[in-house]
Amino acid sequence: MKEIVVTNRLLCSGDFMQQIEKALQSKPWGLLLREKDLPTAEYTALAAQVAPLCRAAGVKFIAYHPHAGDVVHMPFSRAESSIAQPFSVSVHSVEEAVAAQSLGAALVIAGHIFATQSKAGLPPRGLDFLRAVCESVTIPVFAIGGVTEANARDCVAAGAAGVCRMSAWFR
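Cut-offs used in this document
Residues numbered from 1 in each chain as written. Predicted model: local features only at pLDDT ≥ 70, side-chain atom pairs only at ≥ 80, totals over all residues. Heavy atoms only, no water. Core = buried A, V, L, I, M, F, W, Y, C linked by side-chain atoms within 4.5 Å. Buried < 20%, exposed > 50% of the residue type's maximum accessible area, 1.4 Å probe, protein only. Helix = DSSP H or I, 4+ residues; strand = E, 2+ residues; numbered from the N terminus. Contact = heavy atoms within 4.5 Å. Pairing = 2+ DSSP bridges. Salt bridge = Lys/Arg side-chain N within 4 Å of Asp/Glu carboxyl O. Polar contact = N/O pair within 3.5 Å; in protein donor to acceptor, adjacent residues only side chain to side chain. Axes fitted to C-alpha atoms, helices over the stretch in contact; angles between N-to-C directions. Parallel < 35°, antiparallel > 145°, perpendicular 65-115°, else oblique. Left-handed = near helix turned anticlockwise from the far one by under 90°. Nonpolar A, V, L, I, M, F, W, Y, C, P; charged D, E, K, R; others polar.

Give me the lowdown on the nonpolar core, citing residues and values where you can.
Ranked by size, the top nonpolar core spans 33 residues in total, and within it I4, I20, L31, V50 and F61 carry the most contacts. Of all the secondary-structure elements, those providing two or more residues to this core are strand 1 (2–6), helix 1 (16–25), strand 2 (30–33), helix 2 (40–57), strand 3 (60–63), strand 6 (107–111) and helix 6 (167–170). Residues contacting L31, with those up to four places away along its chain left out, are I4, V5, T7, I20, L24, V50, C54, V59, K60, F61 and I62. By size, the runner-up hydrophobic cluster in this structure holds 27 residues, among which are A97, I113, V147 and A152.

Below, the structure written as structure tokens:
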């Protein structure tokens, strides 16, 4: 099963870079440097440290800033077709997934599928939502939000190409 490790230094109780290295040892499909709260200069500096680790591990590096990684990631509200490199888009509806594909997205990250502390109080969209997204596009769909070892296979059974996990690596 393909997995994208999603970073969150604010959840990490130990050394953040060591945790990234540990996650990369598991050979995930990709690593999304999610530290979107960092100012651009700090994010770029961190990306410059993480990119070679991903390359050395043979893992796709997904970043929030163009040219920082192999794939640039963006929320649907900022998705645009003028990106000159492969890009992924966070989607929260079938319509957004279809629009992201039309813009040329290489993949979408759909969520949140299950209850998660990072979306406390918001009901999860569930596996039926995930299935609908997967059936509406031909590009890979990765499930995010509350994904665990116990429910990851359910996401793939619903049609997802893989899953994204944060808490498993950084909590």
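After that view, the rundown keeps rolling.
Summarise the pairing of strand 4 (residues 71–75); cite the residues concerned and give the values.
Among the five residues of strand 4, four are classified as buried, and the element is accordingly described as predominantly covered. The pairing of strand 4 with strand 5 (residues 87–91) spans four bridges and is classified as parallel. In the sheet register, V72 faces strand 5, and the bridge partner there is F87.

Outline the environment of G69, listing residues and values.
Within the secondary structure layout, G69 lies in the loop between strand 3 and strand 4. For the pair G69 and L46, spaced 23 residues apart in sequence, the C-alpha to C-alpha distance is 11 Å.

I'd love a proper account of the pattern of salt bridges, names of residues and values included.
Counted by the stated rule, this structure contains five salt bridges. The salt bridge involving R165 is made with E3; its shortest N-O contact spans 3.0 Å. With R165 in strand 8 (residues 162–165) and E3 in strand 1, this pair connects stretches of sequence that are 162 residues apart. For R165, a relative accessible area of 9% corresponds to the buried category. One salt bridge in this structure joins R9 and E35, with 2.7 Å as the shortest N-O distance.

Go over the side chain of T7 with me, naming the residues and quoting the values.
Mapped onto the elements, T7 comes out in the loop between strand 1 and helix 1. On the accessibility criterion, T7 (0% relative accessible area) is buried. Side chain to side chain, T7 and E35 meet in a polar contact 2.6 Å long. When neighbours within four sequence positions are excluded, T7 is seen to be in contact with F16, I20, L31, L32, L33, R34, E35, M166 and F170.

How would you summarise the packing of helix 1 against helix 2 if you had to cite specific residues and measurements?
Relative to each other, helix 1 and helix 2 sit at 25°, their axes nearing to 10 Å. Classified by the interaxial angle, the pair formed by helix 1 and helix 2 is roughly parallel. Between helix 1 and helix 2 the crossing geometry is right-handed. Residue-level contacts link F16, M17, I20, E21 and L24 of helix 1 to L46, Q49, V50, L53, C54 and A57 of helix 2. Residues that form the contact of helix 1 with helix 2 fall into these classes: nine nonpolar, one polar and one charged.

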